[in-house]
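# Structural description and commentary
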Amino acid sequence: MPAVTVPSDEHNEPERRPPKQRRMPHRLGRWMDARLGTTKFGRSALNKVFPDHWSFILGEVAMYCLVVLILTGVFLTFFFDASTEEVVYEGSYEPLRGVHMTAAYRSVVQLSWDIRAGLVMRQIHHWAALLFAATVVVHLCRVFFTGAFRRPREINWIVGVTLLVLVVANGFTGYSLPDDLLSGTGLHIAYAVILSIPFLGPWMAFLLFGGEFPAEEIISRLYVMHILLIPASIMGLLGAHLAILWRQKHTQFPGARRRENNVVGSYLWPSYAAKSLGLFFFVGAVLAALGGLAQINPVWLYGPFRPDIVTTAAQPDWYVGWLEGALRLFPAWEPSAFGMTLPNAFFPGALLPGVTFGLLYAWPFVEARVTGDRQEHHLLDRARDRPVRTAIGAAVLSFYLVLTLAGGQDIIAQKLNLSISGVVWTLRGLLVVLPLGVALLTHHVCKDLAGAERLEHEKEEAKRLLLGGEGAGPGHHAATTN
Amino acid sequence: MAALAAPLLLAVVATPALVHHSSAEASARSQPVPSGRFLYLRDCGVCHGERGEGTPLGQRLTHIGPAEVDYTLSTGRMPVDEPGAERRRREPRYSRAERTAIVDFMRPFIAPTPDIPHVDVAAGDVAEGAELYLAQCAACHQWAGEGGALLGDIESPPLKDSTPVQIAEAIHSGPLNMPVFVLSDDEVNSIAAYVLYLRHPEDRGGVGLWHFGPLTEGAVAWLFGLGAVVMVCRWIGTRE
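Along each chain, residues carry numbers from 1 onward, in the same order as the chain's sequence is written. Naming scheme: in the order in which they are written, chains are lettered from A and ligands are numbered from 1. Since the coordinates come from a predicted model, pLDDT governs what is reported: local features require at least 70, and pairs of side-chain atoms require 80 or more to be given and counted, while whole-chain, interface and lining totals use all residues. No hydrogens and no water enter the side-chain calculation; it runs on all heavy atoms of the structure.

## Some thoughts on the overall build of chain B
Put simply, the test is: A helix here means a DSSP run of H or I that spans at least four residues, while a strand means a run of E at least two residues long, and both kinds are numbered starting from the N terminus. Residue burial is assigned from relative accessible area. The probe radius is 1.4 Å, only protein chains are included, and a residue is buried under 20% of its type maximum, exposed over 50%, and partly exposed in between. In this analysis, two residues are considered to be in contact whenever any of their non-hydrogen atoms come within 4.5 Å of each other. Accessible areas in this description were obtained via Shrake-Rupley with a 1.4 Å probe; residue shielding takes into account the shown protein chains only.
When helices and strands are counted, chain B shows eight helices and two strands. Taken from the N to the C terminus, the helices and strands of chain B come in the order α-α-α-α-α-β-β-α-α-α. The 240 residues of chain B split such that 47% are buried. Nonlocal contacts in chain B, meaning residues at least 24 apart in sequence, comprise 59% of its contacts between residues at least 6 apart. Carbon and sulfur atoms make up 61% of the accessible area of chain B, which amounts to about 12200 Å² in all.

## A few points about the overall build of chain A
The cut-off we apply is this: His is not counted here, nor are the chain ends, while Lys and Arg score as positive and Asp and Glu score as negative. Every charge is mapped to an atom, namely NZ of Lys, CZ of Arg, CG of Asp or CD of Glu.
Secondary structure summary: chain A contains 16 helices and seven strands in total. Across its three principal axes, chain A shows a C-alpha extent of roughly 75 × 65 × 45 Å. Each of the 482 residues in chain A was classed as buried or not, and the buried ones make up 48%. A separation of at least 24 residues holds for 77% of the contacts in chain A among residues at least 6 apart in sequence. Of the roughly 25000 Å² that chain A leaves accessible, carbon and sulfur atoms contribute 67%. The distance from the centre of the 41 positive side-chain charges to the centre of the 37 negative ones in chain A is 11 Å.

## Regarding the pattern of salt bridges
All names here are of chain A. Selection rule: By convention in these notes, a salt bridge is any Lys or Arg side-chain nitrogen within 4 Å of a carboxyl oxygen on Asp or Glu.
For the structure on display, the rule yields 21 salt bridges over all chains. Here Arg221 makes a salt bridge to Glu217, at a shortest N to O gap of 3.3 Å. Judged by its relative accessible area of 28%, Arg221 is partly exposed. A relative accessible area of 37% places Glu217 in the partly exposed class.

## Structural notes on the domain arrangement of chain B
All names here are of chain B. Rules: An automatic or database domain assignment supplies the start and end points of every domain. Here the quantity called buried area is the total loss of accessible area, with a 1.4 Å probe, experienced by two parts when brought into contact, counted for both.
Looking at the assigned domains, one finds that chain B contains domain 1 (2-109), domain 2 (121-202) and domain 3 (209-240). Opposite the ten residues of domain 1 that make contact, domain 2 presents eleven residues. When domain 1 packs against domain 2, close to 960 Å² is buried across both sides, 50% of that on carbon and sulfur atoms. Considering only the side of domain 1, the residues that lose the most area to domain 2 are Glu68, Tyr71 and Arg89, jointly responsible for 51% of the buried surface there.

## Concerning the packing of helix α4 (residues 103-113) of chain A against helix α5 (residues 118-145) of chain A
Residues and elements named next belong to chain A. The test is simple: To define axes, lines are fitted to C-alpha atoms, for helices over the stretch in contact only, and angles between the resulting N-to-C directions are given on a 0 to 180 degree scale. Roughly parallel covers angles under 35 degrees, roughly antiparallel covers those over 145, roughly perpendicular covers 65 to 115, and oblique covers all other angles.
Running from N to C, α4 and α5 cross one another at 110°; their axes reach a closest spacing of 5 Å. Between α4 and α5, the interaxial angle falls into the category roughly perpendicular. Along the contact surface, α4 presents Val108, Leu111 and Ser112, while α5 presents Gly118, Leu119 and Arg122.

## A word on α5 of chain A
The line we're drawing: Here a helix's expected span is defined as the number of its residues, less one, multiplied by 1.5 Å.
Taking 1.5 Å per residue as the helical rise, α5 of chain A with its 28 residues ought to reach 40 Å, and the 41 Å between its terminal C-alpha atoms agrees with that figure. Just downstream of α5 of chain A, Gly147 of chain A is the residue with a positive phi angle, here 70°.

## With respect to unusual backbone geometry
A cis amide bond, omega 10°, links Arg151 of chain A with the succeeding residue Pro152 of chain A. Mapped onto the elements of the fold, Pro152 of chain A is located in the loop between α5 and α6 (154-176). A cis amide bond links Thr113 of chain B with the next residue in sequence, Pro114 of chain B, at an omega value of -5°. In this structure, Lys249 of chain A is a non-glycine residue whose phi angle is positive, near 65°. Mapped onto the elements of the fold, Lys249 of chain A is located in the loop between α9 (218-248) and β4 (263-267). Overall, the relative accessible area of 32% leaves Lys249 of chain A in the partly exposed class.

## Thoughts on the side chain of Thr251 of chain A
Residue and element names in this part refer to chain A. Residue position: Thr251 is located in the loop between α9 and β4. Using a relative accessible area of 6% as the deciding quantity, one classes Thr251 as buried. Ignoring any residue separated from it by four or fewer positions in sequence, one finds Thr251 in contact with Pro51, Phe56, Arg142, Ala148, Arg153, His378 and Leu380.

## Describing the nonpolar core
In plain terms, the rule: What makes a nonpolar core is a set of buried Ala, Val, Leu, Ile, Met, Phe, Trp, Tyr and Cys residues whose side-chain atoms join them at distances within 4.5 Å.
Among the nonpolar cores identified, the biggest contains 149 residues, and Tyr93, Leu96, Trp127, Trp157, Leu279 and Leu287 of chain A together with Tyr133 of chain B are the most heavily contacted of them. For this core, the element with the most residues is α5 of chain A, which contributes 17 residues. Two domains each put at least three residues into this core: domain 2 (121-202) and domain 3 (209-240) of chain B. If sequence neighbours within four positions are ignored, Trp127 of chain A has contacts with Leu287, Leu290, Gly291, Ala294, Gln295 and Ile296 of chain A together with Leu209, Glu217, Val220 and Ala221 of chain B.

## So, the interface of chain A and chain B
How big an interface is tends to be expressed through the accessible area that disappears when the partners come together. With 67 residues of chain A at the contact, the number on the chain B side is 56 residues. Summed over both sides, the interface of chain A with chain B buries roughly 5100 Å², with 64% coming from carbon and sulfur. Contact with chain B buries area across many residues of chain A, yet Trp54, Gln295 and Leu301 of chain A alone supply 14% of it, more than any other trio. Our enumeration of links across chain A and chain B arrives at zero salt bridges.

## As for the packing of α5 of chain A against helix α14 (residues 387-406) of chain A
Any two packed helices are characterised by the angle at which their axes cross and by the distance between the axes. Residue and element names in this part refer to chain A. Quick note on the threshold: Only Asp, Glu, Lys and Arg are considered charged in this grouping, and only Ala, Val, Leu, Ile, Met, Phe, Trp, Tyr, Cys and Pro are considered nonpolar; every other residue, Gly among them, is considered polar.
Orientation of α5 relative to α14, taken along the N-to-C sense of each, is 155°, at an axis distance of 10 Å. The orientation of α5 with respect to α14, classified from their angle, is roughly antiparallel. Where α5 approaches α14, its residues Cys141, Phe144 and Phe145 are matched on the opposing element by Arg389, Thr390, Gly393, Ala394 and Leu397. The residue inventory of the contact of α5 with α14, partitioned by class, reads five nonpolar, two polar and one charged.

## Things to note about a nonpolar patch on the surface
Residues and elements named next belong to chain A. For clarity, the cut-off: Exposure above 30% relative accessible area and the lack of any salt bridge qualify a residue for a patch; like charges then connect within 9 Å, and the nonpolar side chains Val, Leu, Ile, Met, Phe, Trp and Tyr within 5 Å.
On the surface, a nonpolar cluster with roughly 540 Å² of combined accessible area is contributed by Met24, Leu28, Trp31, Met32 and Leu36. With respect to the secondary-structure elements, Leu28 resides in helix α1 (residues 24-36). Relative accessible area serves as the criterion here: at 46%, Leu28 is assigned to the partly exposed category.

## Focus: the confidence of the model for chain B
Heads up, the condition is: A score between 0 and 100, pLDDT records how confident the predictor is in each residue.
When pLDDT is averaged across chain B, the result is 86; 87% of the residues are at 70 or more. Scored below 50 in pLDDT, residues 1-28 of chain B makes twelve contacts in the model with residues more than four places away or belonging to other chains.

## Regarding the side chain of Ser107 of chain A
Residues and elements named next belong to chain A. Tracing the backbone through its elements, the reader meets Ser107 in helix α4. Looking at Ser107, the relative accessible area reads 5%, which means it is buried. The residues contacting Ser107, other than those within four sequence positions of it, are Phe79, Phe80 and Asp81.

What follows is the structure, given as structure tokens:
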């Protein structure tokens, strides 16, 4: 139970010889404080209050996934060879011995078979990437459904959406590095999608790939993006994300003693820090368990990439799966006008992500305009109290869920013993019908829940009036700051 | 016409009883093998004609070779329970000796090639097989031999139960929707070696997740990874 710490003015007191020699950390602290004024900041930082609601911890999980990604990623850089030079594999995995491949692919197979702890590090890294993207999405959902993006937090929403884009981009570049059959196929699709962009496409594709696919430089360029450019941007923006959060303070759900101008929760030190450290270890444990127990991306079975080879059951990682699904579901439509053809891949491959992220960026402003609500909000909405927003959010999620499933439409058809065209048409239908149904249902459920609650509240109110209640409930243990 | 229809009708009517009888026969291996002629006329000729010339119920067989006949019978795809039924892999109806007898009876009226091949898996090179498999087979049969659903509602079967001879027969004869592949005996040996390897590949790194690919990995990350994390978040956080 965190007591309220009263700031003492110890360091402002007149100089007084301590009776005993102070310990080293204390002296170092004073030395630092004299030069940087760290004590005051440190005290206010340690007394920072964090809300205790579980959904606020999801963003933190994402951050710890990033830590695990960096730790394992650094290990991987010691052994990965970002080169498309053709080599012959002579390692210990027999079915590939004597096979011609790129140095990049060889180094990943070697990492998996001949380097101690190489495979488990690779697997933890990959699982961490999948979980990272998942927690970022869930965190975004929490912020969306509770209205935490409203004024004054629009900037942090924009930073957050940018982080999501970067996380997906870094996942895709990482998935493409091993130069195995699936990653090469993914790159091939990405190349085609970039080419499909009107006017700019060919220029952009050549700028990125350094020539026609499969260009020799692509692996080394992706490598620089994957381990330097994008991670540096992620960390910079994460810093900004947290700094803005710090400056603006947390939002919180409405409740006892919670007002627009305070934050109820635990102090950073010691209770929140201890919880958070425990969470970090737990995230690490989950990822280590997945990395050690569940195989991910067995590149030695996929084989080296060759532009003339494809395989069935080829999908990207889940965070790109919705784009793959869109490509698979989009009808074979190529409009022509003014002697130009807009390639089919443009709509699902380039336009859809453009619209998706564009709408995400614009949402806080669109909502403010529609509702006319431009007030500052520090108390959160409950999803049921904003049925329209909640319905839209749920509908959009169902839309992308259908697209993601469509990314594996061949697996669904095969395992459920259905015809693939039947599955495709069903998914196309679902893509239109499901979001509508989900929206109506969600709206209905929200209204019902809110109505039931109002009724409950009125009943209690009436009971209190009739019995002449004593209002005080049990004391709430929590710290508050203004 | 009536002369043809009468025995045909008789055979169709009699088939269920015979099916029962012959499966009991297959289990009792000590019994003498019935002649290929008897088996062919009883189970195949009804639809495919007395000399493989085809009838409205079944296709002509005179252009296919012994390899395809043997493949179709040994994988249980023929005989089907009724004309027009989908040909799926199942427990074969005939013993090896019965199959040989049927093929030998058919030889005079079907194509001479491709003949039932001889496969020497031990002489195959797994690495060469892997390269050939990924280049030639994986496009339909999937990188781990799990098979797949293809456009045009064609199903490509998994290869987990394929014997080396069946693999070679399929490569040479291209049964059902499969194209014919022109490969040397050494190459076929190597592919067979790799397909056998794929039954139990050296699956490092834990549970293989059925070799469905990244879609399953994503599902595991969400259900197990995120599931565990959310449970802990709810444990250490408040829920009001």
